[in-house]
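A look at the structure
These are the residues of each chain, in order.
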Amino acid sequence: MVIPTADKIAKHFTAYYQPIVDLNTGAVAGFEALARVVKKNGSIATAGAVIEKIERRSDTLKALIRTILVSIRRDMVPLLERHPHFYVSVNIPPAILGSGQILPMVEALELTPYLDRIVCEVTERQALTHLGRSALEGARRSGMSVAIDDFGTGHSGLMQIVGLDFDILKIDHSLIDTILMNQTAARMLRGIVALAAALRLHTVAEGVESREEAFLLRAAGVDCGQGWLWSKAVSGTQAARLLDQGYRADDGSSYKPK
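Residues numbered from 1 in each chain as written. Predicted model: local features only at pLDDT ≥ 70, side-chain atom pairs only at ≥ 80, totals over all residues. Heavy atoms only, no water.

**Side note on the overall build of the chain**
A count of helical and extended segments in the chain gives 12 helices and 9 strands. For 258 residues, the compact-globule formula gives about 18 Å, and the C-alpha radius of gyration of the chain, at 18 Å, lands near that figure. Each of the three principal axes of the chain carries a C-alpha extent, and together these read 50 × 40 × 40 Å. Here the chain holds 258 residues, and 51% of them are scored as buried. Carbon and sulfur atoms provide 52% of the accessible area of the chain, an area that totals close to 12,100 Å². (Helix = DSSP H or I, 4+ residues; strand = E, 2+ residues; numbered from the N terminus. Rg over C-alpha atoms; globule rule 2.2 N^0.38 Å. Buried < 20%, exposed > 50% of the residue type's maximum accessible area, 1.4 Å probe, protein only. Areas by Shrake-Rupley, 256 points an atom, 1.4 Å probe, with all protein chains shown as cover.)

Right, dumping it as structure tokens:
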């Protein structure tokens, strides 16, 4: 697959938003901005394998991040003005986050007033590198919050993240997938939640697909969930509706899918 140029990325990519849902209230606590491709016929497709190719070059990676920020400026800023309770997260690799390129983009797009509502997501593996640690420190100094994404996929162990400066721990779906059938996975989950609570970290479970998983996660003390139980990534217009309605079911539970 040919790597798209920076100009084509700006023209043919956009962001869609997957809701992050409070497990106790059913309210939308935030959205993760995910890259999507706009096809010639106007339909939207996942970026798939092309993302990995884009990330190999600094110019195309920077173009992709800027395009997602442009989408956030267009779609999310009006919602941020009306709804003070939610945030928007975006995956920003340390190669961009730690190189001093983010703040100029944020300032140029007039996103500076919303920095405290933007969360930079960095994967567990990326965060534990020297560049990753520097990137986290820089993001925090700028006023942005930081999330460790895909936690549980690496081999770092819980204690290796203790020295990192971040706000949100996103638990990878590979652990969530097994909690219903595997007692060891359930115990690991409780250990992660206990550590996060001790460090005053917010927890988000990724890849939640069933009510049973959601109930177990809430019982374990996880703060929020993200996954197809509630919604796939949606457009900015749909995101506005989700903010208004939330996911509170008639029976008082918080897991009613759309």
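Resuming the write-up.
**Section: the packing of aromatic side chains**
Two aromatic rings are characterised by how far apart their centres lie and by the angle between their planes. Scanning all chains against the criterion turns up 1 aromatic pair. The ring of Phe86 is capped by Arg117, whose NZ or CZ atom sits 5.5 Å from the centre of that ring. Across the ring face of Trp228, the terminal group of Lys232 is positioned such that the distance to the ring centre comes to 4.6 Å. (Phe/Tyr/Trp six-rings, centres within 6.5 Å; stacked < 30°, edge-to-face > 60°. Lys NZ or Arg CZ within 6 Å of the ring centre and 35° of its normal.)

**Observations concerning the environment of Ser254**
In this structure, Ser254 sits in the segment after α12 (236–245). Put simply, Ser254 and Leu217 are 37 residues apart on the chain and 12 Å apart in space, counted from C-alpha to C-alpha. Not counting residues up to four positions away in its chain, the partners in contact with Ser254 are Val21, Asp22, Leu23, Asn24, Thr25, Gly26, Arg218, Trp230, Tyr247 and Arg248. (Contact = heavy atoms within 4.5 Å.)

**Quick notes on the pairing of strand β7 (residues 168–171)**
Taken residue by residue, a regular strand's side chains alternate between the two faces of the sheet. Because side chains alternate across β7, one face comprises the buried residues Ile168 and Lys170, and the other comprises Leu169 and Ile171, equally buried. With 3 bridges joining them, strand β6 (residues 145–151) and β7 adopt parallel strand pairing. The residue bridging Ile148 from the neighbouring strand is Leu169, located in β7. Here β7 pairs with strand β8 (residues 202–206) via 4 bridges, running parallel. Directly across from Ile168, in β8, lies its bridge partner His202. (Pairing = 2+ DSSP bridges.)

**Notes on the layout of surface pockets**
Taken as a whole, the largest pocket encloses approximately 740 Å³ of empty space. Lining the largest pocket are 31 residues, and of these Glu32, Leu34, Asn91, Asp149 and Asp150 lie nearest its centre. Of all elements in the fold, only β2 (28–38), α3 (58–75), β4 (87–91), β5 (118–123) and β6 reach the threshold of two or more residues within the lining of the largest pocket. With 5 residues, β2 is the single largest residue contributor to the lining of the largest pocket. Broken down by class, the residue content of the lining of the largest pocket amounts to 12 nonpolar, 10 polar and 9 charged. (1 Å grid on protein atoms, 1.4 Å probe; cavity = no way out; pocket = protein on both sides within 12 Å on 5 of 7 lines; lining within 4 Å. Points joined across faces, edges and corners; volume = space filled by probe spheres on them. Nonpolar A, V, L, I, M, F, W, Y, C, P; charged D, E, K, R; others polar.)

**A look at the side chain of Gln226**
Among the structural elements, Gln226 can be located in strand β9 (residues 224–226). Residues contacting Gln226, with those up to four places away along its chain left out, are Gln18, Pro19, Ile20, Glu32, Lys170, Val204, Ala205, Glu206, Gly207 and Val208.

**Observations regarding helix α11 (residues 211–220)**
It helps to recall that an α-helix has 3.6 residues per turn; residues three or four apart then point in one direction. Within α11 the residues assigned to the buried category are Glu213, Ala214, Leu217 and Ala220. What you see down the axis of α11 is that its buried residues fit within an arc of 125°, all on one side. Elements in contact with the buried residues of α11: α9 (173–176), α10 (183–198) and β8. Positive backbone phi, approximately 100°, marks Gly221, located one or two places after α11. (Arc of directions from axis to C-beta.)

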